[in-house]
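Here's the letter readout for the chains.
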Amino acid sequence: MNAQQPKSIEEFMAQAYAMELEAQQRYSDLADAMEMHNNREVADLFHKMATIEGKHAAQIMEEMGWKQPPPYMVPPPFEGLEAAEAVPIDEVHYLMRPWHALQLALAAEQRAERFFAEIAMSTKVESVRKAALELQEEEREHVELVKAWIARVPQPEKDWEVDPDPPRYDQ
Amino acid sequence: MSDVATAAPAAATPANYKSAVKPVWCPGCGDFSVLSAITKALAMIGKPAHQVGVVSGIGCSSRIPAYTSCYGFHGVHGRALAAATGLKMARPDLTVLVTGGDGDGYSIGGNHFLHACRRNVDLTYIVMDNHVYGMTKGQPSPTTEPDWDSKLAPGGTKIRVFHPLVVALAAGANFVARGFAGDPNGTAAVIAQAIRHPGFSFVEILSPCVTFRPEQKEWKSLVRPSPVGLTDDPVRAARLVMSDDGLNIGVLYAGNRPAYPIGEGQQHAPVTDLEAEFLV
């Protein structure tokens, strides 16, 4: 277990909010990067993911009755150096297909599910345990949604990363 | 009074420090994470964007000023530290960040790097080190391994690498740290600490180049927290970085040298006087 143990429900939900914001910002950054490289299909998909994560953050604010977002904090690292739901910035490719992007989203949702499961198992604060179980269930639903989405997109072509005009002179 | 008028001002978030300009970096580039770390560090500090100046030289990483909402200056190759020193001297109230890459900072701007460390003006210098000149198609830089084989340097350069952290310590930098782009939150905390520390703070960030150095993706599994804790002894810090493999991350040195005094004995002329001096 490497998630930080929140001491109260407010602290836990602030952590969850920070996680969602981080995921939203990361998807948004990835969408911008894809847009700049004219990979519009994947850019659109990352934009959609950013919108979804933004809605999750808004949902947390509503559930907590917060009028203002909590003070900025970085979300705790989980299974590595980054927050559970953030897609690692180095796992993208400028020619990637939507199928690849959804695999990254699936891995992120699965990490988030494990993150909340671990909090639920390890916390001694009952209100945190209940909320963590709810969030774990939500993430499980997201996992299923992404899986269903993956089933609807075509598998990438064999030569998806072949660029007739590569950026490197030695390729 | 309306609710809007009575509501407490919203806390700063990283988004407050990002501009609407979209980065042109290759998808997967470590510099995206460094930009994220810088905006997070500024949110942690909470200083408004208009009280921050970001100065850079030339190169992929030197594009950062355009991607922030702070005041920015995209300067001449290797001369970012000179411009930033001038800015800080003229406007000591600003927090001044300097950004760039290993080629810009250690080769073309190497001399400025030495003397910026020595002068100890209150600046934070963030170098995104990918061991290559990425923008100009992959020439070896001062931190490129001597045996890195490429079409532009067949068989490698056979030149020993430059040790930026040791050089910074020897030249008098007051804060020395190493971060990793794959750890944007940890790096943000280091940058925030560097900004708060008085004097010249140097933060070297390992930032993989996915196009010309794809093997640097391995850094993610190799970096580790520095086994030696923070010290205020430059000799101890230098001994550590001379003998490490370049993959220990964290704050390595925070010294006690007073920052270069700004304002003492200086007279600030109004802008109109300065303009008059430039009239032909």
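Residues numbered from 1 in each chain as written. Chains lettered and ligands numbered in written order. Predicted model: local features only at pLDDT ≥ 70, side-chain atom pairs only at ≥ 80, totals over all residues.

So, on to the sheet that holds strand 3 (residues 95–101) of chain B. One key point about sheets: their strands pair by backbone hydrogen bonds, in either a parallel or an antiparallel sense. Residue and element names in this part refer to chain B. Pairing is mixed across the open sheet formed by 8 strands, whose spatial order is 2-1-3-4-6-5-8-7. For this open sheet the edge positions go to strand 2 (71–74) and strand 7 (224–225), each flanked by a neighbour on one side alone. Where strand 1 (residues 52–56) meets strand 3, 5 bridges bridge the pair, whose relative direction is parallel. Bridging across to strand 3, Val-54 finds its partner in Leu-97. Together, strand 1, strand 2, strand 3 and strand 4 (124–129) form the strand contacts of helix 4 (residues 80–90), whose direction differs from that of strand 3 by roughly 175°. Together, strand 5 (175–180) and strand 8 (248–254) form the strand contacts of helix 10 (residues 234–243), whose direction differs from that of strand 8 by roughly 160°. (Pairing = 2+ DSSP bridges. Helix = DSSP H or I, 4+ residues; strand = E, 2+ residues; numbered from the N terminus. Contact = placed C-beta atoms within 7 Å. Axes fitted to C-alpha atoms, helices over the stretch in contact; angles between N-to-C directions.)

The residue Glu-79 of chain A is not glycine, and still its phi comes out positive at about 50°. The topology assignment puts Glu-79 of chain A in the loop between helix 2 (40–64) and helix 3 (98–122). One non-glycine residue, Lys-158 of chain B, lies in positive phi territory at about 60°. Tracing the backbone through its elements, the reader meets Lys-158 of chain B in the loop between strand 4 and helix 7 (164–171).

This next bit is on the confidence of the model for chain A. This prediction gives chain A a mean pLDDT of 94; 96% of its residues lie at or above 70. The element-level mean pLDDT for chain A is lowest in helix 1 (residues 9–36) of chain A, coming to 96, with helix 3 of chain A highest at 98. (pLDDT = per-residue confidence, 0-100.)

Right, let's get into the interface of chain B and chain A. Facing the 31 residues of chain B at the interface are 25 residues of chain A. Going through the elements one at a time, helix 2 (30–45) and helix 8 (184–196) of chain B are the ones with two or more residues in the side of chain B that touches chain A. Taken together, the residues that form the side of chain B that touches chain A break down as 18 nonpolar, 7 polar and 6 charged. (Nonpolar A, V, L, I, M, F, W, Y, C, P; charged D, E, K, R; others polar.)

Now for the pairing of strand 4 of chain B. Residues and elements named next belong to chain B. Of all 6 residues in strand 4, 6 are buried, a share of seventy percent or more. Side chains of strand 4 alternate between two faces, with Thr-124, Ile-126 and Met-128 and Tyr-125, Val-127 and Asp-129 buried alike. Pairing geometry for strand 3 and strand 4, over 5 bridges, is parallel. For Gly-101, the partnering residue across the bridge sits in strand 4 and is Met-128. With 6 bridges connecting them, strand 4 and strand 6 (residues 201–206) associate as parallel partners. The residue bridging Ile-126 from the neighbouring strand is Val-203, located in strand 6. (Buried ≥ 20, exposed ≤ 12 C-beta atoms within 10 Å, placed from the backbone.)

Moving on to helix 8 of chain B. In an α-helix, one turn spans 3.6 residues; hence positions three or four apart end up facing the same way. All names here are of chain B. Taking 1.5 Å of rise per residue, 13 residues should cover 18 Å, and helix 8 covers 18 Å from first to last C-alpha, within 8% of that figure. Regarding helix 8, the residues found buried are Pro-184, Asn-185, Gly-186, Thr-187, Ala-188, Val-190, Ile-191, Ala-192, Ala-194 and Ile-195. The inward-facing, buried residues of helix 8 abut helix 2, strand 3, strand 4, strand 5, strand 6 and strand 8. (Expected span 1.5 Å × (residues − 1).)

In this section: the pairing of strand 8 of chain B. Residue and element names in this part refer to chain B. Across 4 bridges, the pairing between strand 5 and strand 8 is antiparallel. Residue pairing for strand 8: Phe-175 is matched across the bridge by Ala-254. Pairing of strand 7 with strand 8 involves 2 bridges; the strand directions are parallel. Counterpart to Pro-225 in the pairing with strand 8 is Ile-249.

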